[in-house]
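Below are the chains, spelled out letter by letter.
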Amino acid sequence: DGGGGGVVPAPPAVDAASAEADALRARHLVAEVSRPEPVVYKAAHETLKVVAVDCGMKANMVREFNARGVTVTAVPWDYDFGDLLDSHDGLFVSNGPGDPTQCTATISNLKAALDREGNALRPIFGICLGNQLAGLAVGAKTTKLQFGNRGQNQPVLDALRPGACMVTSQNHGYAVDDTALPAGWETLYTNANDGSNEGLVHASKPFFTAQFHPEAHGGPTDAAYLFDVFADACSRFKAARATGLSSPKDEPALVWPKTLANRPPPAFPKKVLLLGSGGLSIGQAGEFDYSGAQAIKALKEEGVEVVLMNPNIASVQTNVDPAQTPAERRADQGAADSVYFLPVTPDYVESVIAKEKPDAVLISMGGQTALNCGIELDHSGVLKKHGVSVLGTSIETVIATEDREIFKNKCLEIGEPCANSIATATVAEALEAGEKVGYPLMARAAFALGGLGSGICQDAGELEALATKALAVSPQLLIERSMLGWKEVEYEVVRDQIDNCITVCNMENFD
């Protein structure tokens, strides 16, 4: 400020954070976190063995392999595994921190493994840093992302399933530049947010990588099937070597269980019959009106003609303008093209089917009334007789979820624990089951509207009264151990035909 009239510049500030970041980048983080000596993680029921280059490998990766009968021989990041690989069935390159270009020894060893031919060839799978190292080994380049991709909800597009998007866990600051991949290599996955590379695959050899973490269990496990793809390739190439072949005969190098490439596209319906829920009491299942109304909008947006059958005049989905012309009705995205105020029963539904001749029927938007009607139409042969398919949830799946005994067995098949229960069809059977399960108990009626006929029974007298009412309207009553006082965490999940899943909401309830 003095009389000179000029401004003396302050000395340049030292950016402490930048200096710290530069110092961190200069460290060889992989060398710091990798194991010093090889170690074997033996599977309980070993069928395969793989070499795993540990650049900072997560324990869940070993768990995923061991669960599939794969023994893991983990080696340091710079270990020359060439001779070891001869006695193993595949090569895995793990995740790890830092700049991939620092791992020159790993890149050199990986290049040698990728160049193997004939009986020496082994399937190769890389995750996260393993994706970047594979890219560098084949001659591609890597780039530093401005912010990195981190979190449990990173969307990844699958090149093998156009339109499919996986929810993945990620934590990386570098990515492969896939704009100039060498011959034979293709982009397998792409980040839907920033378009960065999320995986590579070879066109004819059993080599593939993923930038995200398919072993992560902090959120969705959409990508865990990649361990199955790798184990399958190791198994098939091992079997081929045992017969003197270098690769499986007349089979692709990698088999992708989720690809739709060989499936015929579904026939797109031109006209759909939507079954509504019928009459509803105040406060009872209003979501069926909402879901039906939304289904009408979605179908109309796709150019599908919608025939609605619902006797409930006090609903949004049946609220149509009688002054509309047929052309105006067709153009109205929120209105069904035709509305039948008839009971949702098999006889009435068949009469509408015979008149309207729809290509398909949608039964999953009308609650228990529509579901039960759809099951009867299928079992009686009406749907087959008129050539009408079922959209959305199949009849078999509806039965598996509505039949209490089948549903319990389905849960047990996939290792989900269930409360001790017995399915009954008579009052006497229910009372006998009650003595075995013990009181208090929960009685659940199958195929019942709004849980009608279900409840907690404190003794045999209460159970007899409830069972008498329940079995008058339901063919089955499940006698189940009471969960009174337990907290229930419920998830509403929507899944499409190519396994895209959306968790709409979750709720906590106390029985």
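Here, the structure is the one placed above.
Sequence order as written defines the numbering, with residues in each chain counted from 1. With the structure being a predicted model, the display of local features is reserved for residues of pLDDT at least 70 and the display and counting of side-chain atom pairs for 80 or more, all residues being used for whole-chain, interface and lining totals. The side-chain quantities take in all heavy atoms of the structure and omit both hydrogens and water.

K.L.:
Just checking my understanding: could you explain helix α3 (residues 59-67) for this structure?
P.N.:
Residue pairs spaced three or four apart in an α-helix point in one direction, given the helix's 3.6 residues per turn. Each residue gets one of three labels from its accessible area relative to the maximum for its type: buried under 20%, exposed over 50%, partly exposed in between, using a 1.4 Å probe on protein chains only. What counts as a helix is a DSSP run of H or I of at least four residues, what counts as a strand is a run of E of at least two, and both are numbered from the N terminus. Turning to α3, its buried residues number three or more, namely Met61, Val62, Glu64 and Phe65. Each buried residue of α3 lies within a common arc of 160° when the element is viewed along its axis, so the set occupies one face. Exposed side of α3, more than 90 degrees from the buried face: Arg63 and Ala67 are the residues found there. Throughout, a residue-residue contact means that at least one pair of heavy atoms, one from each residue, lies within 4.5 Å. Residues of α3 that are buried sit in contact with β1 (39-41), β3 (70-75), β4 (90-93), β5 (124-127) and α7 (225-242). The positive-phi residue at the C-terminal boundary of α3 is Gly69, with phi of around 75°. When we speak of the arc, we mean the arc of directions from the helix axis to the C-beta atoms.

K.L.:
Help me understand a nonpolar patch on the surface, please; the structure alone is not making it clear to me.
P.N.:
Together, Val489, Tyr491 and Val493 give the surface a local cluster of nonpolar side chains, amounting to about 290 Å² of exposed area. Its location among the elements puts Tyr491 in strand β20 (residues 487-495). Patches here are clusters of residues that have more than 30% relative accessible area and form no salt bridge, with a 9 Å joining cutoff for like charges and a 5 Å cutoff for nonpolar side chains (Val, Leu, Ile, Met, Phe, Trp, Tyr). Each accessible area is a Shrake-Rupley estimate made with a 1.4 Å probe; only the visible protein chains count as cover when residues are assessed. Within this document, salt bridges are pairs made up of a side-chain nitrogen of Lys or Arg and a carboxyl oxygen of Asp or Glu, the two lying within 4 Å of each other.

K.L.:
For this particular structure, what's the right way to read the sheet that holds strand β18 (residues 455-457)?
P.N.:
Two orientations exist for strands paired in a sheet by backbone hydrogen bonds: parallel and antiparallel. The strand order across the open sheet formed by 4 strands is β16-β19-β17-β18, and the pairing between neighbours is antiparallel. Of all the strands in the sheet, the pair left with one neighbour each is β16 (421-424) and β18. Neighbour-to-neighbour, the strand axes of this sheet turn through a mean angle of 25°, independent of strand direction. Strand pairing is assigned whenever DSSP detects at least two bridges linking the two strands. Alignment of strand β17 (residues 441-445) against β18, held across 3 bridges, turns out to be antiparallel. Of the residues in β18, the one forming a bridge with Leu441 is Cys457. Angles run from 0 to 180 degrees between N-to-C directions of axes, and those axes are lines fitted to C-alpha atoms, restricted for helices to the stretch in contact. Those strands touched by helix α15 (residues 427-437) are β16, β17 and β19 (477-481), and its axis lies near 10° from that of β19.

K.L.:
Sorry if this is basic, but what is going on with unusual backbone geometry here?
P.N.:
With glycine set apart, most residues show a phi of negative sign, and most peptide bonds adopt trans. Cis geometry is found at the peptide bond from Tyr439 to Pro440, where omega equals -5°. Positionally, Pro440 belongs in the loop between α15 and β17. At Cys128, a residue that is not glycine, the phi angle is positive and equals roughly 60°. Inspection of the secondary structure puts Cys128 in the loop between β5 and α6 (129-137).

K.L.:
Help me out: how do you make sense of the environment of Gly163 in this one?
P.N.:
Relative to the elements of secondary structure, Gly163 occurs in the loop between β6 (141-158) and β7 (165-177). Look at Gly163 and you get exposed, because its relative accessible area is 67%. Taking C-alpha positions, Gly163 is 25 Å from Val361, a pair spaced 198 residues apart along the chain.

K.L.:
Sorry, what's going on with the nonpolar core here?
P.N.:
Side chains of nonpolar character tend, in soluble globular proteins, to be buried together. In this structure, Phe92, Phe125, Tyr189, Phe208, Leu226 and Trp256 are the most contacted members of the largest nonpolar core, which totals 33 residues. For this core, the secondary-structure elements that each account for two or more residues are β2 (48-53), α3, β3, β5, β8 (185-191), β10 (207-210) and α7. It is α7 that contributes the most residues to this core, 8 residues altogether. Those residues in contact with Phe125, other than ones at most four positions away along the chain, are Phe65, Leu91, Phe92, Val93, Phe208, Pro214, Leu226, Phe227 and Phe230. Counting residues in hydrophobic clusters, the runner-up holds 29 residues, among them Val30, Leu91, Ile107 and Trp185. Only buried Ala, Val, Leu, Ile, Met, Phe, Trp, Tyr and Cys residues count toward a nonpolar core, and they belong to the same one when joined by side-chain atoms within 4.5 Å.

K.L.:
Even after reading the chapter, I still don't get the pairing of β2, so can you show me in this structure?
P.N.:
Counting buried positions along β2 gives 5 out of 6 residues, so the element sits mostly inside the fold. Between the parallel pair β2 and β3, the chain is carried across by α3, and the sense of this crossover is right-handed. As judged from the 4 bridges shared by β2 and β4, these two strands associate in the parallel manner. Looking at the pairing, Val50 lines up with Gly90 of β4. When the strands point away from the viewer, a crossover counts as right-handed if the path from the first strand over the helix to the second runs clockwise.

K.L.:
So what exactly am I meant to see when it comes to the pattern of salt bridges here?
P.N.:
Oppositely charged side chains can pair when the atoms bearing their charge come close. Scanning all chains against the criterion turns up 20 salt bridges. Note that Arg68 is salt-bridged to Glu64, the shortest N-O span being 2.6 Å. Note on Arg68: relative accessible area 23%, which makes it partly exposed. Lys271 is the partner of Glu356 in a salt bridge, and the nearest nitrogen-oxygen pair spans 3.0 Å.

K.L.:
Sorry, what's going on with the packing of α15 against helix α16 (residues 460-473) here?
P.N.:
Helix-helix packing is characterised by the crossing angle of the two axes and by the distance between the axes. Across the interface, α15 lies against α16 with an axial gap of 9 Å and an inter-helix angle of 145°. Between α15 and α16 lies a crossing whose hand is right-handed. Across the interface between the two elements, Val427, Ala430, Leu431 and Gly434 from α15 touch Ala460, Leu463, Glu464, Ala467, Thr468 and Leu471 from α16. Following the grouping adopted for this structure description, the nonpolar residues are Ala, Val, Leu, Ile, Met, Phe, Trp, Tyr, Cys and Pro, the charged ones are Asp, Glu, Lys and Arg, and the polar ones are all others, Gly among them. Here the contact of α15 with α16 is composed, by residue class, of 7 nonpolar, 2 polar and 1 charged. Note on convention: near helix rotated counterclockwise from far helix by under a right angle means a left-handed crossing. Clockwise means right-handed.

K.L.:
I would appreciate a short explanation of the environment of Lys355 in the present structure.
P.N.:
For Lys355, the position within the fold is in helix α10 (residues 346-356). It is 48 Å that separates the C-alpha atoms of Lys355 and Asn193, two residues lying 162 residues apart in sequence.

K.L.:
Is there a simple way to explain the sheet that holds strand β13 (residues 338-340) in this structure?
P.N.:
The parallel open sheet is built from 5 strands, whose spatial order is β13-β12-β11-β14-β15. The open sheet is flanked by β13 and β15 (389-391), the only strands paired with a single partner. Between one strand axis and the next, the sheet turns by 25° as a mean value, whatever way the strands run. The sheet contact formed by strand β14 (residues 360-362) and β15 spans 3 bridges and is parallel. Considered in β15, the bridge of Leu362 is made with Leu391.

K.L.:
I keep staring at helix α11 (residues 367-379) and nothing clicks. Help me out?
P.N.:
With 13 residues, α11 should cover 18 Å at 1.5 Å per step; its first-to-last C-alpha distance of 19 Å lies within 8% of that length. Of all the positions in α11, only Gly367, Gln368, Ala370, Leu371, Cys373, Gly374, Ile375 and Leu377 are classed as buried. Taken from the residues just after α11, Gly381 is the one with a positive phi, measuring 85°. An expected span of 1.5 Å times one less than the residue number is assigned to each helix.

Purely geometric numbers; function is a separate question.
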